[in-house]
Amino acid sequence: EVVDVVAAWQVPTSSKLCSICNMKALQFATTLSLTATTASAFVPSSSSCSKRKQHSAVSSTSASASTRGIQHDLTFTPPDTLGEGQITEQLCADAAEKMKRVMVPVSKDVSETGYAGISYIHWPAERKTATLPLLLVPGFDSSALELRRLGPQLAKLGVETYVVDLLGWGFTQLDGIKSFSADSKVEALKGFWQVVGGNGEVVVGGCSLGGASVITLAAENLYKADGEEENGFVRGTILIDAQGFIDGIGPMSFLPSPVARLGIKFLQSEGLRNQASQMSYFNPEAYATDDAMKISRLHCVRDGWEDGMLSFMQSGGFKPKERVAQISVPSLILWGRQDGILEKEFASKFVETMEDAELQWVEECGHVPHLEQPEAVAQYIMDFLSSDKLRPNEDEKANSPANILDGILNFLN
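(A) Structural context of the overall build of the chain. Looking only at helices and strands, the chain features 19 helices and eight strands. For the chain, buried positions account for 58% of its 413 residues. Surface summary for the chain: the accessible area is close to 16000 Å², and the carbon and sulfur share equals 50%.

Written as C-alpha cells, this is what we have:
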C-alpha cells in the first residue's frame, strides 16, 4: 500500500526537478530533500540531548549580557562537526564554533513558555562600511551552517551578517514547542530580530525555500519612507534561487501521519541526501562531496526532528505567491545560471512581479550560489547593500548593534 501511495505522486522526468523544489510531489522525501541541499551537521551525544530537555528553565534562568539584553540559551552546545560529525571542512567547523541559541518571544500557540530557542551565527563586519545589517535564512530543513562559505566573505567586505535557523530546522529548540508551522517559523524569525536587532532597519535574504519565509516576513514588516505609523524594519530583500511562486506542499499535507512519517524517515537516508547534493551543483565532482552529504543529513537525527517536520507538513507549508507583489523595497534576485532544480523563468518572474527588483545571474553555478560561488555572491550583495537606495538612515547607524558595541568599547578604553 505504501508503494502505491508513492507511485501516485510520480512525476514525469522532464518536470521532476521543478516539482521537487516546489514541494509539489515530495515523492516521499525526495522533493523535500532536494530543497535542503547542504544543511547543518550534527551528531548529538547523550549529554547534548539531555541538555535540550532543560528548555523549560531556559526562559527564566539563562542569561547572556549584551547591549540589548539578549538571553542566550546556556544549555545549548554547538555541533561538533570535526569530532562527532566527522566532517573535515574547516569552514564548517569555524561556523559551528560561532553558533549560539537565543530565546525569542513567540505566542502561546507556539510555546507554552512564550519563548523559543533560535540558533544562529553572527559574522561581525571586519571593517566599517555604510551598509545595513543583513539577516539571511538557509533553505528547507537546513541550518546556518549552509552559509558557512558566504558569511566569512561578507564579513571581510564589511557586512554585519546574521544567519538564522527557522524554528524546527537547524539547531533550534525542538522539545516543548507546540507548533512548527510555516507561520510559527516566520513568527520566531521576527522575534529573533526583535531581540537581537532591536527591530532596527535590516535587509533580509533567503535561500531556496528560506526565500518563502523571507518573502512573508518582509511583506508583513516593510519599511516605508513616508513615515507611516505602521512602519516596519525591512529595508530590502535578497532572494537566492528562492521559491516564491508555489504555495504549500500539495497532497503531502493531507497524508495520514503514519504514512507521512515513512517519507520523513526516508528523508534522513544518506542515499537521498547524496542525490540532493549531486543535483544542487553545477560542478558536483568538486562540491557534492562526502562532507556535503554529512552536512546535509546529520542534523535530522536530533530528538524531536521528525515530529517537527510532521508539524510543518501538516500545516500546509509556506504560501508566498500572493506576497511577492507586496514587496516594494529594493530587492536583489541572485540566480545560478545552471540551476537544475528551479526553473530559470522564476528568476525573471520575480523582477516582473516586484516593484523594485534587479536580477543578477551567477555563472557556472547551480541551485546553491552561496556554496558554489561564495566570493562572487558576496560581492554582488555588497554592491547591492552599498547602493544609495539602501543607505542607512543616520539614526539607524547610531543605533545599530555594531555601533552600540563600538561606543561601549570606546568608553571603556
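(B) Summary view of the nonpolar core. Grouped together as the largest cluster of nonpolar side chains are 69 residues, with contacts concentrated most on Leu135, Phe192, Met309, Phe318 and Phe350. Counting residues per element, this core draws most heavily on helix α8 (residues 182-196), which supplies eight residues. With residues up to four places along the chain from it excluded, the contact list for methionine 309 reads Phe140, Asp141, Trp169, Ile264 and Leu267. Counting residues in each nonpolar core, the second largest holds 37 residues, with Val163, Cys207, Ile240 and Met382 among its members.

(C) The arrangement of the sheet that holds strand β7 (residues 331-336) in detail. A sheet is described by the order of its strands in space; here eight strands give the open sequence β1-β2-β4-β3-β5-β6-β7-β8, paired in mixed fashion. The open sheet is flanked by β1 (100-105) and β8 (357-362), the only strands paired with a single partner. Pairs of neighbouring strands in the sheet enclose a mean axial angle of 25 degrees, with direction left out of account. Across the sheet, helix α15 (residues 345-353) lies against β6 (234-240), β7 and β8, angled at about 160 degrees from β8, the strand it touches most.

(D) Highlighting helix α9 (residues 210-220). A large share of α9 lies buried, amounting to ten of its eleven residues. Residues of α9 that are buried: Gly210, Gly211, Ala212, Ser213, Val214, Ile215, Thr216, Leu217, Ala218 and Ala219. The secondary structure elements touched by the buried residues of α9 are β3 (134-137), α8, β5 (202-207), β6 and α15.

(E) Expanded view of the packing of helix α11 (residues 270-280) against helix α13 (residues 290-297). Following both chains from N to C, one finds α11 and α13 inclined at 115 degrees, their axes separated by 9 Å at the closest point. Relative to α13, α11 is oriented so that their crossing is right-handed. Across from Glu270, Arg273, Asn274 and Ser277 in α11, the residues of α13 making contact are Ala292, Met293, Ser296 and Arg297.

(F) Examining the packing of aromatic side chains more closely. This model, assessed by the stated rule, comprises nine aromatic pairs. Ring geometry for tyrosine 120 against phenylalanine 192: centres 5.0 Å apart, planes inclined by 65 degrees, an arrangement best described as edge-to-face. Placement of tyrosine 120 in strand β2 (residues 115-123) and of phenylalanine 192 in helix α8 is noted, with a sequence separation of 72 residues between them. For the pair shown, tyrosine 120 and phenylalanine 192 are each scored as buried. In textbook terms, an aromatic cluster arises when at least three aromatic residues are bridged by ring pairs, as seen for Phe140, Trp169, Phe312 and Phe318. The ring of tryptophan 169 carries the charged tip of lysine 185 above its face, separated from the ring centre by 4.4 Å. Positioned above the aromatic ring of tyrosine 223 is the side chain of arginine 235, whose terminal nitrogen or guanidinium carbon lies 5.1 Å from the ring centre.

(G) Here's a closer look at the pattern of salt bridges. Here the structure, examined in full by the defined rule, presents 15 salt bridges. The salt bridge partner of lysine 178 is glutamate 112, with a shortest N-O separation of 3.1 Å. Taken together, the positions of lysine 178 in the loop between β4 (161-164) and α8 and glutamate 112 in the loop between β1 and β2 put the pair 66 residues apart, joining distant regions of the chain. A salt bridge links arginine 337 to glutamate 363, with the nearest nitrogen and oxygen atoms 2.7 Å apart. Taken together, the residues span a long stretch of sequence, with arginine 337 in the loop between β7 and α15 and glutamate 363 in the loop between β8 and α16 (369-372) at a distance of 26 residues. Given the relative accessible area of 30%, arginine 337 is considered partly exposed. Glutamate 363 sits in the partly exposed class, given a relative accessible area of 42%.

(H) A look at α11. Within α11, burial applies to Leu272, Arg273, Ala276, Ser277 and Ser280. Buried residues in α11, looked at end-on, bunch into an arc of 140 degrees, giving them a common side.

(I) Seen up close, unusual backbone geometry. Unlike most non-glycine residues, asparagine 199 shows phi in positive territory, near 55 degrees. Among the residues examined, asparagine 199 registers a relative accessible area of 36% and is labelled partly exposed. With a phi close to 50 degrees, glutamate 364 is a non-glycine residue in the positive phi region. When you line up the elements, glutamate 364 lands in the loop between β8 and α16.

(J) Up close: the pairing of β2. Most of β2 sits out of view: seven of its nine residues are buried. Of the pairings in the sheet, the one linking β1 to β2 comprises six bridges and is antiparallel in character. Across the sheet, methionine 103 pairs through a bridge with glycine 117, a residue of β2. Alignment of β2 against β4, held across four bridges, turns out to be antiparallel. Bridged to tryptophan 123 within β4 is threonine 161.

Calculation rules
- Residues numbered from 1 in each chain as written.
- Predicted model: local features only at pLDDT ≥ 70, side-chain atom pairs only at ≥ 80, totals over all residues.
- Heavy atoms only, no water.
- Helix = DSSP H or I, 4+ residues; strand = E, 2+ residues; numbered from the N terminus.
- Buried < 20%, exposed > 50% of the residue type's maximum accessible area, 1.4 Å probe, protein only.
- Areas by Shrake-Rupley, 256 points an atom, 1.4 Å probe, with all protein chains shown as cover.
- Core = buried A, V, L, I, M, F, W, Y, C linked by side-chain atoms within 4.5 Å.
- Contact = heavy atoms within 4.5 Å.
- Pairing = 2+ DSSP bridges.
- Axes fitted to C-alpha atoms, helices over the stretch in contact; angles between N-to-C directions.
- Left-handed = near helix turned anticlockwise from the far one by under 90°.
- Phe/Tyr/Trp six-rings, centres within 6.5 Å; stacked < 30°, edge-to-face > 60°.
- Lys NZ or Arg CZ within 6 Å of the ring centre and 35° of its normal.
- Salt bridge = Lys/Arg side-chain N within 4 Å of Asp/Glu carboxyl O.
- Arc of directions from axis to C-beta.

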